[in-house]
Every structure is written in structure tokens, then in C-alpha cells.
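Reading the structure
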Amino acid sequence: MYNSLTRSRERFIALAPPNVGMYVCGPTVYGDPHLGHARTALAFDIVFRYLRVLGYSVRYVRNITDVGHLEDETAETGEDKILKRARLERVEPMEVVHRYTLSYHDGIRLMNCLPPSIEPTASGHIIEQIQVVERIIAAGLAYEQDGSVYFDLEKYVSSSGTAGSPYGKLSGKVFEDLLSNTRATAGSGDKRSGLDFALWKRAEPSHIMRWPSPWGEGFPGWHLECTTMSTKYLGKTFDIHGGGLDLQFPHHEAEIAQNHGAFGADPARYWLHSNMLTVKGQKMAKSLGNFITLEQMYSGESPALEQPYHPMVMRFFMLQSHYRSTVDFSNEALKAAERGYHRLMAAVEAAVRATEAVNHQAIPQGPDLEEVRQEGAHGTAVADQIEACWAAMSEDFHTPRTIAALFELGRLVQRPEHRDAPGVVRDAAARGMTGFTRQVLGLQPAAAGSAGAAGGEAGGSALETVMEMVLRLRREARERRDFATADAIRDQLAEAGIRLEDRKDGTTGWTES
RNA sequence: GGCGCCGUACCCAAGUGGUAAGGGAGAGGACUGCAAAUCCUUCAUUCGCCGGUUCGAAUCCGGCCGGCGCCUCCA
């Protein structure tokens, strides 16, 4: 995996296998979740899923920031984001937090992102955060000023104990350059230096999100929560720290400094950053007014969108580019992804249909694939593509290459000769297709069923029952060669968003889009 | 100003010095009551431009042009 710390790809070695600790910076819940949130959540959902498939036991911690994140962090003059929103909406701050936490969960759950193992909130860890501040003060790396506590960066930089972890090592910044170039240097109140950041802030009388502390009533600084909660749940040094690229500086740099100040250690061994997302070539930003929320994406109700896009289509679309590349949203690209996604799903279905009793337990690898290769050219081709999926995912979670291999595998599976291939080959192909598509990439069929000669699977919603009935009527019409009726049914279902597909074996499949 | 990224076919997008993955669209064929889907074939002698290193460069080096990001709240 690519480690931002070393700016190179490194072999992943867990600190305490088979356990892996991963901390990812989650959202500040003060507004509707948007595409950017989804991208970061998705990038680390893939990391989480793949590590689990490799056999690791992963503790995935993703925080919710519900206090302390200011509108203007550096100048420290800004209002707390949550408080501001609460004031505008005339509700309690915790109502804001609750509402947007729920919409964040809904939005990314629809994209089939797995929930993290622990999802701690900043406001739930005030006492722990105060303790971390005390440790940093005890280490001589923070100072109190008028009820606020600041991290003393100058001292940190000159301290020999942190020589191995210079400030700026993650983001490639040079402390001296920052000192002379940063706008924050000018007039920033209580701070000794413009680059110092708040660990604890004094609460003004109007500030209602406040807690008692040794320095008076106040609230924690934004960077502090991640240091505190990652240490509490994963230890002072853990395996993987993730987040959006925009958090690399100053947020993650501050985390490293805090962790050294409080615990004398680097927080994480591997730092992973997911890249930004653009809309029609430009970064999504509040100032540009080109934000697209997840709700708009799914409903199509945005000036930037020509139609709604299914969460799974969006997932597929994002996975078609690597997490460290920027990805650009345009209707043209999304529509192309929509078609490609349906095609891939059809291939998965075909792979499963081609084999009777499938052992879905595990994705074939190593020795299993050798066995498949014994079965001639077709078997070798199948094994090669499954191998390619493993190789791609093990190369910094290379989802675009994995998808490319799955398309190749899908084509093999739908060749006529596949039906006559030995059981081991068909079984391996089905397990490889479903394993990589569903388990690793988390791609699921939107909603689909099948009706016809074969009875279909257990379970069944009202829609499935109705479809069963409608398709039976249509099949009877076709048998009478009453194609006018059969085609009318097909056309009307299409208008309702249900696509029919008459298969060669006489059955009819349907997909809801 | 400092740090960094990108420019590959009509669109999206891989490409880690050895002769351009994959998807969408397009073209032709097979199959089909029709449609859809599927399968087969086809679609960049060329990787922003100009030099250099090399037996060999989309890949390495230098310069130029164009787009973007971080340094300021953003995932």
C-alpha cells in the first residue's frame, strides 16, 4: 500500500497479526453528506473489506466530529460549525449532530459501506481529551493562555526527542517556510506563534457547547479528538491511519505532533490518503457552490445532474478510478458507468447460474487456481483473471484493474464453452466473480429476480411475487405467439423502471433500476 | 511565493524502461418472434509539445505549454 509518510508503496506488515488497527477521520456532522464524504468512506471501506478477506481481524475506528471544529481553524476566530448550524436552524446543537449523523449513515449505507467497528464522538470523550492535554503540558509542549491551551510548535520542532518525527514529514512542508509564508502568522490572539494550534479553547459566554476543565469552561480543539480516540481504542501506535487528502495538512500533521507530545510515539505506521473529487473539472467547494449531496445524487435533483443515479452505480463509478487519483463527476461518465455496472452484474449472475452447487466460502487462490489450470486453456484463462484480481487488489487496492480483470472473467464465463467446462472451473469462476465483486468491492445487484422454468430462490418480497405472476402471464402470451401482449407488458414494465430479459433457456430475468 | 499532482482514442480510465488493460460510445457479424442481453471481430504505429539518456521511453532526465490540488473551512 502507498504510505504518505514515505511517499512510496510499501509491503504491509501488521504490528500484531492477525489484528489490524485502522483509524479513519470521519465527517464533521454539520451538513448533508456529499460525494466527497462518500468517496473517503468508500476508499477505506475497500481497505477494510480487503484486509478482512486476506484474513486479518480489523478494528476499524471512524470518528464523528461533533464539537470543536471551527469555521476558521487557523485564525481561531471562527464559530464552531455545529453551533453555527444550530443557531441558523434554531435547534439544539445535539439535534444538528444527530440529524446529520443519521443522514451520513443512510447515505453511505446505501452505497453498501460497512459500518466501522467503533464510531466514537468527540463530545463523548471530553475527559480523555483533557487527560491528553495534561500529558502534553507535562511534556512541556503546550502552554496555557487565558483559559485556552495551545500546542507549542516551536518547542516541538526544536525538541530533540521528536527529531525522528519532524513537523511536516507527512505533508512535505518545511517548518521555517510555513513560519514565513503562512497568513496565520499575523495577529492571532493568545497564541505565541501563528502555527500553534489549540488543544483546548476557552468558551465565551455565548458558547453553549462547554465543559469544565482544569483551565476553566471550554471545549476541545479539533485535532485533539483523533489523537485521543485513536489511542484509546487502538493504542499509541497502530497500523493504518486514513483520511481525505485535504486533511493531510494541518490536521494529520497536528495529530503526529500531539501523539509525540502525549505518548512519545508516532500514531500510525501507514498513512493512507484518498484523493479529492471534482465536478466538471472543479473541486467541490462551498465557495463554488457546486456541492452535490448524496440525496441529490440518488434522486437526481441537482442542476448538475441529468438523472438520478443508483448508489451502486455511484460505487462502481468511483471504484473505476484509483482512490489516490482525482475523479471527475460528469453525467456522461456516470451514464457509461451505469451501463458497465449492469453488464458486470449480469456476468456475475451468469457465473453463478453456470454452476450447480457453489461453495461460496472462499475466493480461490494459490493451490485452488493450480487445480483449475490443470483443466486446459479455458481453465487457465479463468485462473489467470482471478489471479489478476488478487494481484491488483494487493497493489495499493487497485480497484480499476480489479474491475478490468472481472470484465475479462465475465466474458470467459459467458462463452458457450464455459457451460461444458469441468465443475472445478465453473465453481472457481463463480466464486471468483462473486467474491471479488461482492465481498471485496462491495458491489451488489440493485434489485433483481428471475422467473421462469426454475422456481427461484427462497424468500420473496411483494414485488417478487407480483413479478412472478406478471412474467407467467407474459410467458403464456408468448407461447400463444401473442407478441403484441408480450411486448406491451415489457414496454410498460420498462416505463416503471423494470427491465426484462428473455433468456435462451426460456426463462425471463428482470432488473429494477 | 512554497509543496505537490495531472495531461493516454470520441468520453471515462489503467499502464511500476521491453513495444498501449478495461468500460462506455461507434462499426460489422452470430443468436433471437421482436427487443434486450450475450458471444465473435473491429476501433491509439501512438501516449500535451520539444530536446536528452538508453539497444529500447507513455514510463527516466531537462525545458516549454495546458489543467488542477494543498498551504485557509472542506472528505
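Residues numbered from 1 in each chain as written. Chains lettered and ligands numbered in written order. Predicted model: local features only at pLDDT ≥ 70, side-chain atom pairs only at ≥ 80, totals over all residues. Heavy atoms only, no water.

**A few points about the protein's contact with RNA strand B**
For clarity, the threshold we go by: For this description, a residue counts as near a given molecule or strand if any of its non-hydrogen atoms is within 4 Å of it. Two N or O atoms form a polar contact when they lie within 3.5 Å of each other; inside protein one atom must be a possible hydrogen donor and the other a possible acceptor, and for residues adjacent in sequence the pair counts only when both atoms belong to side chains. By definition, any uninterrupted DSSP run of H or I lasting at least four residues is a helix, any uninterrupted run of E lasting at least two residues is a strand, and each is numbered from the N terminus. By the convention adopted, Pro, Cys, Tyr, Trp, Phe, Met, Ile, Leu, Val and Ala count as nonpolar, Lys, Arg, Asp and Glu as charged, and the other residues, Gly among them, as polar.
The environment of RNA strand B is made up of 56 residues, and the closest members are Arg9, His69, Lys81, Lys283 and Glu395. Gln414 is positioned with one of its side-chain polar atoms (N or O) 3.4 Å from a sugar or linking oxygen of RNA strand B. For RNA strand B, a base oxygen lies 2.6 Å from a polar atom in the side chain of Arg490. Contributions of two or more residues to the surface near RNA strand B are made by helix H1 (35-53), helix H6 (175-181), helix H11 (331-353), helix H14 (399-413), helix H18 (483-495) and strand E15 (498-502). Here the surface near RNA strand B is built from residues that sort into eleven nonpolar, 18 polar and 27 charged.

**Considerations on the sheet that holds strand E11 (residues 277-279)**
Put simply, the rule reads: Here a strand pair is declared whenever DSSP counts at least two bridges between the two strands.
Pairing within the open sheet is mixed, and its three strands lie in the order E12-E11-E13. Each end of this open sheet is capped by a strand with a single partner; those strands are strand E12 (282-283) and strand E13 (327-329). Across two bridges, E11 lies against E12 in antiparallel orientation. When the bridges of E12 are listed, Thr278 appears paired with Lys283.

**Comments concerning empty space enclosed by the protein**
Defined as follows: Buried and open spaces are told apart on a 1 Å grid over the protein atoms alone, a cavity being a set of points where a 1.4 Å probe fits but cannot get out and a pocket being an open set with protein on both sides within 12 Å along at least five of seven lines. Residues with an atom within 4 Å of a point are the lining residues. Grid points are joined across faces, edges and corners, and a volume is the space filled by probe spheres set on the points.
The full count for this structure, using the stated rule, is four cavities of 30 Å³ or more. If you trace the largest cavity, you find it lined by Arg39, Leu42, Ala43, Ile46, Val47, Met318, Leu319, Ser321, His322, Tyr323, Phe397 and Thr399. Of all the secondary structure elements, the ones that give two or more residues to the lining of the largest cavity are H1 and helix H10 (311-319). Grouping the amino acids of the lining of the largest cavity by side-chain chemistry returns eight nonpolar, three polar and one charged.

**A word on the sheet that holds strand E5 (residues 142-145)**
Selection criterion: For every element, the axis is a line fit to its C-alpha atoms; helices are fit only across the contacting stretch, and the angle between N-to-C directions ranges from 0 to 180 degrees. By definition, residues are in contact when any of their heavy atoms lie within 4.5 Å.
In space, the four strands of this open sheet follow the order E5-E6-E7-E8, with antiparallel pairing throughout. Of all strands in the sheet, those with a lone pairing partner are E5 and strand E8 (218-220), marking the two edges. The sheet shows a mean angle of 20° between the axes of neighbouring strands, taken without regard to direction. By the bridge criterion, three bridges tie strand E7 (residues 198-202) to E8 in an arrangement that is antiparallel. Paired with Arg202 across the bridge in E8 is Gly218. Most of the contacts of helix H4 (residues 126-138) go to E7, to which it runs at about 115°, and overall it touches E5, strand E6 (148-151), E7 and E8.

**Remarks on the domain arrangement of chain A**
Rules: All the domain ranges listed were derived from an automatic or database domain assignment. Accessible-area loss on putting two parts together, using a 1.4 Å probe and summing over both, is the definition of buried area adopted here. Each reported salt bridge corresponds to a side-chain nitrogen of Lys or Arg within 4 Å of a carboxyl oxygen of Asp or Glu.
Taken as a whole, chain A is organised into domain 1 (2-274), domain 2 (335-440) and domain 3 (448-512). Averaged C-alpha coordinates put domain 1 and domain 2 at centres separated by 40 Å. Listed per partner, the contact involves nine residues of domain 1 and eleven residues of domain 2. Roughly 950 Å² of surface becomes buried between domain 1 and domain 2 when both sides are summed, with 68% attributable to carbon and sulfur atoms. Together, Ile46, Tyr50 and Val53 form the three largest contributors to the area buried by domain 1 at its contact with domain 2, with a combined 55%. Between the two partners, domain 1 and domain 2, sit one salt bridge. Taken together, domain 1 and domain 2 are joined by five residue pairs in polar contact (both at pLDDT 80 or more). Ranked by residues supplied to the side of domain 1 that touches domain 2, first place goes to H1 with five residues.

**Some details on the pairing of strand E3 (residues 19-24)**
Heads up, the rule is: Accessible area is worked out with a 1.4 Å probe on protein chains only. A residue is then buried under 20% of its type maximum, exposed over 50%, and partly exposed in between. Handedness rule for crossovers: strands pointing away from the viewer, path from the first strand over the helix to the second running clockwise, crossover right-handed.
In terms of burial, E3 is largely enclosed, as five of its six residues are buried. In this view, the connection linking E3 to its parallel neighbour strand E4 (residues 57-62) by way of H1 has right-handed handedness.

**Thoughts on the environment of Phe316**
Mapped onto the elements, Phe316 comes out in helix H10. The exposure class of Phe316 is buried, given its relative accessible area of 1%. Taking the C-alpha atoms as reference points, Phe316 and Met111, separated by 205 residues in sequence, lie 9.5 Å from one another. Not counting residues up to four positions away in its chain, the partners in contact with Phe316 are Ala337, Gly340, Tyr341, Leu344, Ile403, Phe407 and Leu443.

**Overview of the layout of surface pockets**
One simple way to see leftover space: roll a probe sized like a water molecule over the atoms. Taken as a whole, the second largest pocket encloses approximately 1,400 Å³ of empty space. Going through the elements one at a time, H1, helix H2 (81-89) and helix H8 (248-263) are the ones with two or more residues in the lining of the second largest pocket. Examining the composition of the lining of the second largest pocket, we find that five residues originate from one element, H1, more than from any other. Residue classes in the lining of the second largest pocket are distributed as 18 nonpolar, 14 polar and twelve charged.

**Quick word on the side chain of His125**
Counting through the fold element by element, His125 comes out in the loop between helix H3 (93-110) and H4. From its side chain, His125 meets the backbone oxygen of Thr121 in a polar contact 2.7 Å long. When sequence neighbours within four positions are dropped, the list of residues in contact with His125 reads Pro120, Thr228, Met229, Lys232 and Tyr233.

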